[in-house]
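Descriptive structure summary
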Amino acid sequence: MTKIPLFEMERYQSTYWHVVAHDLSESGVLPMTIRDLLGPAADAEAFLSTALGYPLSEGALASRDAIADWYPNATADNVTMMNGGSEANMLTLWSLLRPDDRLAFMVPNYSQGVGLGAVFGKAVDTFRLVPDGERWALDLDSLDDAVGKRTRVIMVCNPNNPTGAVLTEGEMEAVIEVADRTGAWIVADEIYRGAEVDSDVTSPTFWGRYERVVVTSGLSKAFAMPGLRVGWAVAPTKIIERIWRHHDYTTLTPGIVGDQLTGWAMQAGIREAILGRTRAIIRANLPAIEGWFASQPALNYRRPAAGAIAFAQVDLPLTTRELVERIREERSVLLVPGEMFGIDNGIRIGFGYRIDETLQALSLVSETLAAIAG
C-alpha cells in the first residue's frame, strides 16, 4: 500500500488551535451542550441511566431511521453510522476504490480525499470551483478533463468547504452526467448541508438523483455537535455492506452516547430546531464579518451560501501559507491557507463562534495585512 501523505490541514490545526490566543480555523458554529440538545421535553434521567456498553456496529435502528428521514426515499438499511464524517469519508473511499482506479476530486476542498485516493486507488485527478462573479462556480471543462475511463469515484463537497458555495441544480446534473458516462460513483460530502446563510430551505442532496451515489455527513458542522464524533454514510445496501466489512477493522461501532443522542437529534422537529439555531448564528455574525472584509483592500471575498466559513483570495506579495504563518506567529491568530485546500491563493476564516472575540482577532489580522501592504 502507498504510504499515506501528511494531511496538512488537520495536522496544522491540531498542532496550534489550542495554543493560539484566537482560533479562527474552526468551520462550525458554537457547539451545543447536552442540556441544549435534550431540552425540557427530554427524559434526562433515562439518558443518564444509559449503560455504556457496545451499540450495534451500524448504529441503532431508531438513529438510522431518523437519519434516513433527511434523505428522500432512504430507509434505515441505506444508513450506517461511524465516528465522524472523516471516518465516513475514509471507509467509503476504501470500500469503492480499487488499486488501479482513479479518484476525481473537487478543489478547493477538505483535502482528506487527496491523501486517501492515492492510497486506496492509483491516483487523484482534480477539477475546480472557480470565481464567477459573486459566487464560486463549477468549472465544467476541468470536470470533463478529470473524469476518464479509469475514474471510479467523483468526490464533491457540497455545500463546499472552504468557499461555502452550493452547486446549482445544473451543476449537480453536470456531475451526474459525467459520472454516468463512465459508470463512476459520486461521493458527496454534505457535512455543511443545513447551515444555509440566506434560506431556510435545506440545500439539495445528491441522494436519490443517481443510482451510484454515497452521501457522507454527520453532526459536527451544521448540527453543532463535533464532540459527539457522529458520522454516517447513506448508500445503496451493497455499498453499506462493504463499508461494514471495513468498519470492522477500524472503530467497529459508533459510541453509545453519540448513537443515542443522534436518535434524538435527528427527529424531524428537533433536527429543524437545531438547524434553525445554526442558521441564526451564521446570520447574526455574518454582517460584521462582511463589514470587516469591506475594509480590507487586499482581500477579495465572496459571500458563502452555506456554512460559518468565509473564504477570500489575497492580493499581497507572499503566499497565503506564508501569510497565515506570519499572522499566527505575530498575532496568535489561527487561520487556514488556501494551499491546504488545494488552491494556490486564499484564506479561510471561521465566524460561527462568539462574534466579539472573532472581531477582536480580525483586528489583529488587519494589523498584519496593513503592515505587509505598506
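Everything below is about the structure shown above.
Residues numbered from 1 in each chain as written. Predicted model: local features only at pLDDT ≥ 70, side-chain atom pairs only at ≥ 80, totals over all residues. Heavy atoms only, no water.

1. Regarding the overall build of the protein
Scanning the protein from N- to C-terminus turns up 13 helices and 14 strands. For 374 residues, the compact-globule estimate of 2.2 N^0.38 gives 21 Å, and the protein sits close to it at 20 Å. Here the protein, with 374 residues, has 57% of them falling under the buried criterion. For the protein, long-range pairs separated by at least 24 residues make up 74% of all intrachain contacts whose partners lie at least 6 apart in sequence. Surface exposure of the protein reaches about 15,500 Å², of which carbon and sulfur atoms provide 53%. (Helix = DSSP H or I, 4+ residues; strand = E, 2+ residues; numbered from the N terminus. Rg over C-alpha atoms; globule rule 2.2 N^0.38 Å. Buried < 20%, exposed > 50% of the residue type's maximum accessible area, 1.4 Å probe, protein only. Contact = heavy atoms within 4.5 Å. Areas by Shrake-Rupley, 256 points an atom, 1.4 Å probe, with all protein chains shown as cover.)

2. Brief notes about the packing of aromatic side chains
Per the counting criterion, the structure on display carries eight aromatic pairs. Judged by centre distance (5.6 Å) and plane angle (5°), the rings of W94 and F120 are stacked. Note that W94 is positioned in helix α5 (residues 84-96) and F120 in helix α6 (residues 112-120), a separation of 26 residues in sequence. For F120, a relative accessible area of 10% corresponds to the buried category. Pairwise contacts between aromatic rings join W70, Y71 and F223 into one cluster. (Phe/Tyr/Trp six-rings, centres within 6.5 Å; stacked < 30°, edge-to-face > 60°.)

3. Comments concerning the side chain of Q112
One can find Q112 in helix α6. On the accessibility criterion, Q112 (11% relative accessible area) is buried. Filtering out sequence-adjacent residues up to four positions away, Q112 remains in contact with F7, S86, N89 and M90.

4. Describing the environment of A305
Within the secondary structure layout, A305 lies in the loop between β10 (299-302) and β11 (309-314). Classification of A305 by relative accessible area gives partly exposed; the value is 35%. Spatially, the C-alpha atom of A305 lies 8.7 Å from that of A195, the residues being 110 residues apart in sequence. When near neighbours in sequence (up to four residues on either side) are disregarded, A305 contacts G164, V166, E196 and V197.

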